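Residue-level listing of the chains:
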Amino acid sequence: AVSTPRGSSFEDARMTLEEVEAALSKGTVIFSAIGAHVPKLARATLACTDASALPNALNMYVTAAGKRTSAPPHTDRQDVIVAQTQGRKHWRVYSPPDPTLRPQADAFARGKGDDNLPLHQLENMGCKLLVDAVLNPGDVLFIPAGFPHTTDTIASSSEEEKEDTSIHLTFNFDS
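Residues numbered from 1 in each chain as written. Predicted model: local features only at pLDDT ≥ 70, side-chain atom pairs only at ≥ 80, totals over all residues. Heavy atoms only, no water.

1. Brief notes about the environment of Leu169
Defined as follows: Only DSSP runs of H or I reaching four residues or more are called helices, and only runs of E reaching two or more are called strands; each is numbered from the N terminus. Under the scheme applied here, a residue whose accessible area is under 20% of the maximum for its type counts as buried, over 50% as exposed, and between as partly exposed, the area being computed with a 1.4 Å probe on protein chains only. Residue contacts are counted whenever heavy atoms from the two residues lie within 4.5 Å of one another.
Looking at the element boundaries, Leu169 is found in strand 9 (residues 166-173). Take Leu169: its relative accessible area is 11%, and that puts it in the buried class. Counting along the chain gives 110 residues from Leu169 to Asn59, while the straight-line C-alpha distance between them is 5.8 Å. Discounting residues that sit within four places of it in the chain, Leu169 has contacts with Leu41, Leu58, Asn59, Met60, Ile81, Val82, Ala83 and Thr85.

Encoded structure:
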């Protein structure tokens, strides 16, 4: 874990700028349920609920440029809509693994906890690469529940300009 919860209130648990910067050097900093704490983001979360008639939550992911793996392959329980707001992030989305290979595995929590979903084994697990794209600010991506995905912030070698920190919002829909 990048940050260990502390204190008994939201104020006590708040990370300092120095803690966020230190965490960024290690990987992605996740601000879970940020839509419940930032009024402008709360409006976006409520608008999604109104438009879809589905409960949803909003998380924010901040990743420094140059991270080979900002999120290892995993699946989610929710359908997600990703909105890239700053910097760039490379996304790869795969078809779900063959459930007969690991019938006891939770299809919606692969690559989490004790489950292993290594990138180099996805094809052997029946996964096919469906999306291989770099999201730029303003780009949006839909990932269905149970579809493995992974990200990085490695720029191509032809990029000459300095890359910005990547920030994306993920709307999680309980469908």
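2. Structural notes on the pattern of salt bridges
We apply this condition: In what follows, salt bridge is the name for a side-chain nitrogen of Lys or Arg lying within 4 Å of a carboxyl oxygen of Asp or Glu.
The final tally for this structure, using the stated rule, is six salt bridges. In this structure, the salt-bridge partner of Glu163 is Arg88, at a minimum N-O distance of 3.4 Å. Of this pair, Glu163 sits in the loop between strand 8 (149-152) and strand 9 while Arg88 sits in the loop between strand 4 (79-86) and strand 5 (89-94), and the two are 75 residues apart along the sequence. Judged by its relative accessible area of 25%, Arg88 falls in the partly exposed class. Close ionic contact of Arg110 with Asp115 constitutes a salt bridge, the shortest N to O distance being 2.7 Å.

3. What about the sheet that holds strand 9?
As a reminder of what qualifies: When DSSP finds two or more bridges between two strands, those strands count as paired. Convention adopted: a line fitted to C-alpha atoms gives each axis, helices being fitted over their contacting stretch, and angles between N-to-C directions are expressed from 0 to 180 degrees.
What the five strands build is an open sheet, ordered 1-2-9-4-7; its pairing is antiparallel. Here the strands that pair on one side only, and so sit at the sheet edges, are strand 1 (29-31) and strand 7 (140-143). Taking each pair of neighbouring strands and ignoring which way they run, the sheet shows an average axis angle of 20°. For strand 2 (residues 56-63) and strand 9, the ladder comprises eight bridges, and the chain directions are antiparallel. The partner of Leu58 across the bridge, within strand 9, is Phe171. Helix-sheet contacts for helix 2 (residues 17-26) involve strand 1 and strand 2, and the interaxial angle to strand 1 is about 125°.

4. Thoughts on the sheet that holds strand 3 (residues 71-74)
In any sheet, the strands associate via hydrogen bonds between backbone groups, in a parallel or an antiparallel arrangement. On the basis of which strands lie adjacent, the open sheet formed by four strands has the order 3-8-5-6 and antiparallel pairing. The sheet is open, and its two borders are formed by strand 3 and strand 6 (129-135), each paired with just one other strand. Ignoring which end each strand starts from, the neighbouring axes of this sheet average 15° apart. The sheet contact formed by strand 5 and strand 6 spans six bridges and is antiparallel. By the bridge assignment for strand 6, Tyr94 is matched with Leu129.

5. A few points about the nonpolar core
Worth spelling out the cut-off: For our purposes a nonpolar core is just a set of buried Ala, Val, Leu, Ile, Met, Phe, Trp, Tyr and Cys residues, chained together by side-chain atoms within 4.5 Å.
Residues Ile34, Leu41, Leu58, Met60, Val62, Leu169 and Phe171 are the most contacted members of the largest nonpolar core, which totals 13 residues. Secondary structure elements with two or more residues in this core: helix 2, helix 3 (39-52), strand 2 and strand 9. Looking at which element gives the most residues to this core, the answer is strand 9, with four residues. Core analysis: the second largest hydrophobic core is formed by seven residues, Val80, Trp91, Val93 and Leu135 among them.

6. Section: the environment of Cys127
Looking at where Cys127 falls in the secondary structure, it is placed in the loop between strand 5 and strand 6. For Cys127, a relative accessible area of 3% translates into the label buried. For Cys127 and Glu163, which are 36 residues apart along the polypeptide, the C-alpha to C-alpha distance reads 31 Å. Apart from residues lying up to four places away in sequence, Cys127 is in contact with Tyr94, Ser95, Pro96, Pro97, Leu122 and Pro148.

7. Looking at the pairing of strand 9
Most of strand 9 sits out of view: eight of its eight residues are buried. The alternating pattern of strand 9 places Ser166, His168, Thr170 and Asn172 and Ile167, Leu169, Phe171 and Phe173 on opposite faces, both of which are buried. Where strand 4 lies against strand 9, seven bridges are found, and the strand directions are antiparallel. Residue pairing for strand 9: Ala83 is matched across the bridge by Leu169.

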